[in-house]
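# Secondary and tertiary structure notes
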Amino acid sequence: MTDNQNLLAEQRRALILDEVRRRGGVRVNELTRRLSVSDMTIRRDLDALARQGVLSKVHGGAVPVVEASTHEPGFEAKSVLEPSAKDEIARAAAALVAPGTALALSGGTTTYALARHLLDVPDLTVVTNSVRVADVFHEAGRAGEARRGAATVVLTGGVRTPSDALVGPVADRAIRSLHFDLLFLGVHGVSVEAGLSTPNLAEAETNTCLMRSARRVVVVADHTKWGTVGLSSFAALDEVDTWVTDGGLPGEVRAEVAEHVPGLVVAGGERA
């Protein structure tokens, strides 16, 4: 981390969280010195991150939250994490989509953000197992935004997860019968050792079906997903064609990812 008195609160908190995860804990006095802000500012940042459930405050500092590999946060809980990064990723991912594309969007808050950026791309066929993603297109039509060339949306059936994805045999059967030009895949965790992973066993199988039906696989995941490992791995990094992430992903991690993923797109500006 580098000193910067002008960091926005969200940027500063992203830096703090990265440092906590990388080092296994930080002290308030270290953060005030490195970020050139007051003790009170750092304590407010730690309070905000603790309310989000991404770290735990301890006397004089903070430590990471150690979650069970089966823990699956709900959609609302995940939607408040890294909103700016997710929007940057969504904009960059939408730029990869040409008019007339047949694409699939998995469940997740980043794919939800992406759906909003796809409303102006004409003649899309969108297959999704996300109730939230389908709602984006449905609500656009109800609001009078439907027009010639509006997307055709196919929502798979299935059992609803806490993140509002539809999974299980019904979803898998529908997906296996289809073929996509492009899949945008949200993930719970990314690592070299575990690849892509999720805490939900049924969702792992559904994600596998999505990948097998796609000509090109694009993972959309912010930097906080790096190093997170869920209960079930469903793909190796080498099976991903492109990873669209944000500027918070450290340079050394980018170099490591580049050894496995042919395309790495870093959305937005660099973070200190």
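In case you missed it, the structure is sitting above this.
Residues numbered from 1 in each chain as written. Predicted model: local features only at pLDDT ≥ 70, side-chain atom pairs only at ≥ 80, totals over all residues. Heavy atoms only, no water.

### Overview of the sheet that holds strand β1 (residues 26–27)
What the three strands build is an open sheet, ordered β1-β3-β2; its pairing is antiparallel. On the outer flanks of this sheet lie β1 and β2 (55–58), each paired with one strand and no other. Looking at chain direction, β1 and strand β3 (residues 61–64) are connected through two bridges and run antiparallel. Residue pairing across strands places Arg-27 opposite Gly-61, the latter belonging to β3. The sheet strands contacting helix α1 (residues 9–23) are β1, β2 and β3, and the helix crosses β3 at an angle near 65°. Running over the sheet, helix α3 (residues 39–51) touches β2 and β3 and is turned about 135° from β2. (Pairing = 2+ DSSP bridges. Helix = DSSP H or I, 4+ residues; strand = E, 2+ residues; numbered from the N terminus. Contact = heavy atoms within 4.5 Å. Axes fitted to C-alpha atoms, helices over the stretch in contact; angles between N-to-C directions.)

### Thoughts on the pairing of strand β11 (residues 195–198)
Pairing analysis gives three bridges linking strand β10 (residues 189–191) to β11, with the strands arranged antiparallel. Looking at β11, one finds that Ser-191 is bridged to Gly-195. The turn joining β10 and β11, which pair antiparallel and follow one another in sequence, is formed by three residues. Bridge analysis of β11 against strand β13 (residues 232–235) gives three bridges, and the strand direction is antiparallel. Paired with Ser-197 across the bridge in β13 is Ser-233.

### With respect to unusual backbone geometry
With a phi close to 55°, Ser-36 is a non-glycine residue in the positive phi region. Despite not being glycine, Asp-123 has its phi angle at roughly 60°, a positive value. By secondary structure assignment, the location of Asp-123 is in the loop between α6 (109–117) and β5 (125–128). What makes Asp-123 partly exposed here is its relative accessible area of 47%. (Buried < 20%, exposed > 50% of the residue type's maximum accessible area, 1.4 Å probe, protein only.)

By themselves these figures say nothing about function.
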